[in-house]
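# An overview of the molecular structure
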Amino acid sequence: MIEIEARLDELEQLGLSRRMRLVSGPQGPRVVLDGKPVLLLCSNNYLGLADHPAVREAAADAAMRWGVGAGGSRLVSGTMTIHRRLEERLAAFQRRQAALLFGSGYLANVGVVSSLARAGDVVFSDELNHAAVVDGCRLSRADVFIYEHGDVEHLEWGLREAEGRGALIVTDGVFARDGDLAPLPELVELAERWDVRLVVDDSHGVGTLGSGGRGAVAEAGCEDGVDVVIGSLGKALGSYGAYVVCDQPMARYLATSARSLIHSTAPSPPAVAGALAALTLLEQQPRRVEKLQANAALLRSELAAAGFDVPGSGHSPIVPLALGDAATALRSCERALERGVFAQPLLPPQVPLDGAGLRLAVMASHSKSELRDAARALAQAARAAGAVQSEPRRAPQPAPIREPAAVAPGPRARHAELWDDGEGELWVEQRRPVIAAEAVQASGRPFDAELDGPPAPRASRRAAQTAQGIFDVEAPASVVEHAA
Ligand SMILES: Cc1ncc(COP(=O)(O)O)c(C=O)c1O
């Protein structure tokens, strides 16, 4: 029997003890964490949709219309109109024949992998795959060949050794730990050559990569070569739940064989409706993905300038920083919090003993100045924690280029950031629409602005109307009264 207290002490001594920190309010770019305001740099709410007014409203409406719980599993009574609607929309978005909703990304991975392999088969799994893939392999009772991270030669050696018992290659599209990408074209080629299926968990790719946010598989042009793509609704799509996209027979097969779908309550109607609203926003505003990628590039270059060694793909929103051992990583995390930045520690066994550090996750709703300040605060925190860093160097200029000169000086316009997207359009960065509206007007330039939230309650009539006209946002009742 496990001695709980002794095990907890052991984890504490190894520096691996974890605790849940409390976030008050929604998952915005800034949150109140254990009572203290901080910049949130470890949320998967990549596109800022979890706290978007339209997403919240859709979830609230769905609760009124369909209730809160689905009341049963998908195969019993839990498949409701709203589930069908989202499945149709996701299949169309991912340009596949069919989509199937699961309760979460964890459940989708476990269900898919365990349905597509059985005892006597071999599953080929990247060594850095998410725990859900690992657990799906265990449930399948197949033999598992774990190939070295992204190493297609090692994988091919394994395929050869399996002598026809191979069932499935499974990989994350974007790896959760480091934000790097799987070598998808090579994996497609190997799957075809060795006649095995290919499953990609694109939970961190959907909404962050690819044209229109269609994910890492779409970005690599590999849709036709991947049998099943898994996407979480709990990350860029701002809700909870998950889906798989595939062809019709596969969807029918998974619906009748995935234990995690059959034996679990269907996703709740508000979560499904929230994801549907988020998908609509993603389709209507693909600029959110570009903004996210520009933010990720900016943070990377600012961190590099501050002396960090920044690996990983240039445009994924996940940025890992290796700082030393577990104690250094934990100290860095605490020092960063003292400086108002909430980043997650990356600890062994997730990383090698001397490769511990911080894992940062960027959101489209972060402003540039927030990210610049965060890079500075993180550098100070790492130094204070005793991490070794290189000398600070000049940051390479990320695209798109900011053009502060475009803002005509005005008392409030000065507080908004305008930047050029390189195609002659201006983007505005300011979460208070009235200020942003004034800045855009003052610039006299064409613009493309997507801002969330109503004008500030104390806005003047002119400012409220300007903001409404520009950002297509509803004025709250207090503005209407004030304006009248
Ligand atoms: C790669 C990957 N797949 C799946 C999941 C699980 O998704 P969910 O949170 O929807 O259960 C995660 C969550 O962190 C993940 O990183």
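Residue numbering note: each chain is counted from 1, following its sequence as written. Two thresholds apply to this predicted model, a pLDDT of at least 70 for residue-level local features and 80 or more for giving and counting side-chain atom pairs, whereas whole-chain, interface and lining totals are computed over all residues.

Think of it this way: any DSSP run of H or I at least four residues long counts as a helix, any run of E at least two long counts as a strand, and we number them from the N terminus. If you tally the helices and strands in the protein, you get 17 helices and 16 strands. Contact criterion: two residues are in contact if their C-beta atoms, reconstructed from the backbone, are within 7 Å. Considering only residue pairs separated by 6 or more positions, the protein has 65% of its internal contacts joining residues 24 or more positions apart.

Below, the discussion takes up the environment of S268. Along the chain, S268 falls in the loop between helix 10 (259-262) and helix 11 (269-284). Measuring from C-alpha to C-alpha, the distance between S268 and G67 comes to 8.3 Å, with 201 residues separating the pair along the chain. For S268, the residues in contact, after removing those within four places along its chain, are V68, G69 and A70.

When the pLDDT values of the protein are averaged, the result is 86; 80% of them are 70 or greater. Confidence of the prediction at every residue is given by pLDDT, a number between 0 and 100. Predicted confidence is poor over residues 394-415, with pLDDT under 50, and the contacts of this stretch with residues over four places away or in other chains come to 48 contacts. Taken as a whole, residues 448-460 scores under 50 in pLDDT and shows 46 contacts with residues more than four places along the chain or in a different chain.

A word on the pairing of strand 8 (residues 197-201). Note on burial: count the other C-beta atoms lying within 10 Å of the residue's C-beta; 20 or more is buried, 12 or fewer is exposed, in between is partly exposed, and C-beta positions come from the backbone. The element strand 8 is extensively covered by neighbouring structure, given that 4 of its 5 residues are classed as buried. Being paired, for any two strands, means DSSP has found at least two bridges between them. Sheet topology places strand 7 (residues 166-172) next to strand 8; 5 bridges connect them, and they run parallel. Looking across to strand 8, one finds that L168 is bridged to R197. For the crossover from strand 7 across helix 7 (residues 184-193) to strand 8, the handedness is right-handed. Here strand 8 runs beside strand 9 (residues 228-232); their pairing, made up of 3 bridges, is parallel. A clockwise path from the first strand over the helix to the second, with the strands pointing away from the viewer, defines a right-handed crossover.

For each residue, a C-beta atom is positioned from the backbone; the residue is called near a molecule or strand if that atom sits within 6 Å of it. Residues in contact with the ligand amount to 14 residues; listed here are only the nearest, S104, G105, Y106, A176 and S232. In this classification, the charged set is Asp, Glu, Lys and Arg, the nonpolar set is Ala, Val, Leu, Ile, Met, Phe, Trp, Tyr, Cys and Pro, and all remaining amino acids, among them Gly, are polar. Class assignment of the residues belonging to the shell around the ligand gives a composition of 4 nonpolar, 8 polar and 2 charged.

Between helix 12 (residues 287-305) and helix 14 (residues 368-384), whose axes approach to 9 Å, the crossing angle comes to 30°. Here helix 12 is positioned roughly parallel relative to helix 14, judged by the angle of their axes. Once helix 12 is placed against helix 14, the crossing between them reads as right-handed. Residues N295, L298, L299, E302 and L303 of helix 12 form the contact with helix 14, whose participating residues are K368, L371, R372, A375 and L378. Residue composition of the contact of helix 12 with helix 14, grouped by class: 6 nonpolar, 1 polar and 3 charged. Here the axes come from fitting lines to C-alpha atoms, over the contacting stretch only for helices, and the angles between their N-to-C directions go from 0 to 180 degrees. Working rule for angles: under 35 degrees goes down as roughly parallel, over 145 as roughly antiparallel, 65 to 115 as roughly perpendicular, anything else as oblique. For any helix crossing, the convention is left-handed if the near helix is rotated counterclockwise from the far helix by under a right angle, and right-handed if that rotation is clockwise.

Note that the residue after P348, namely P349, is joined by a cis bond; omega there is 5°. Its place among the elements puts P349 in the loop between strand 13 (344-346) and strand 14 (356-361). A positive phi angle is found at R95, which is not glycine, with a value near 55°. Here R95 lies in the loop between helix 3 (81-93) and strand 4 (98-102).

Where helix 13 (residues 326-338) contacts helix 14, the axes come no closer than 8 Å and their chain directions differ by 135°. One finds that helix 13 runs oblique with respect to helix 14. Relative to helix 14, the crossing made by helix 13 is right-handed. From helix 13, S332, R335 and A336 reach across to helix 14, where they touch A377, L378, A381, A382 and A384. Broken down by class, the residue content of the contact of helix 13 with helix 14 amounts to 6 nonpolar, 1 polar and 1 charged.

Another point: the sheet that holds strand 10 (residues 242-246). Each strand in a sheet pairs with its neighbour through backbone hydrogen bonds, running either in the same direction (parallel) or in the opposite one (antiparallel). The 7 strands are arranged 4-10-9-8-7-5-6 in an open sheet whose pairing can be described as mixed. Each having just a single partner strand, strand 4 and strand 6 (143-147) make up the two edges of the open sheet. Taking the axes of each pair of neighbouring strands and ignoring which way they run, one obtains an average angle of 20° across the sheet. Across the face of the sheet, helix 6 (residues 152-161) comes into contact with strand 5 (122-126), strand 6 and strand 7 while running at roughly 155° to strand 6. Those strands touched by helix 7 are strand 7 and strand 8, and its axis lies near 155° from that of strand 8.

The next point concerns the sheet that holds strand 12 (residues 341-342). Taken in spatial order, the 4 strands line up as 1-2-3-12 in an open sheet, and their pairing is mixed. The sheet is open, and its two borders are formed by strand 1 (23-24) and strand 12, each paired with just one other strand. Sheet analysis places strand 3 (residues 36-40) next to strand 12, joined by 2 bridges and oriented parallel. Residue pairing for strand 12: L40 is matched across the bridge by F342.

Let us now look at the nonpolar core. General note: in soluble globular proteins, nonpolar side chains tend to be found buried as a group. Residues of type Ala, Val, Leu, Ile, Met, Phe, Trp, Tyr and Cys that are buried and joined through C-beta atoms within 7 Å form what is called a nonpolar core. Counting 138 residues, the largest nonpolar core has V123, V244 and L378 as the members making the most contacts within it. Sort the elements by how many residues they give to this core and helix 11 lands first, with 10 residues. Where each domain starts and ends follows an automatic or database-derived domain assignment. Domain assignment of the residues forming this core places at least three in each of domain 1 (16-45 + 294-384) and domain 2 (53-284). Sequence-distant contacts of L378, that is, excluding residues within four places in its chain, are made with L303, A336, V341 and A343.

Right, let's talk about helix 14 for a bit. To estimate the expected span of a helix, count its residues, drop one, and scale the result by 1.5 Å. Across its 17 residues, helix 14 extends 24 Å between first and last C-alpha, which sits within 8% of the 24 Å expected from 1.5 Å per residue. Here the buried face of helix 14 lies against strand 3, helix 12, strand 11 (318-324), helix 13 and strand 12. A positive backbone phi angle near 85° is found at G386, which sits one or two residues after helix 14.

Next up on the list: helix 5 (residues 131-140). Of the residues making up helix 5, those classed as buried are A132, V133, G136, C137 and S140. In an axial view of helix 5, the angular spread of the buried residues amounts to 145°, which keeps them on one side of the axis. Buried residues along helix 5 sit in contact with helix 4 (105-116), strand 5, strand 6, strand 7 and strand 8. Following helix 5 by one or two positions, R141 adopts a phi angle in the positive range, close to 65°. It is the directions from the helix axis to the C-beta atoms that the arc portrays.

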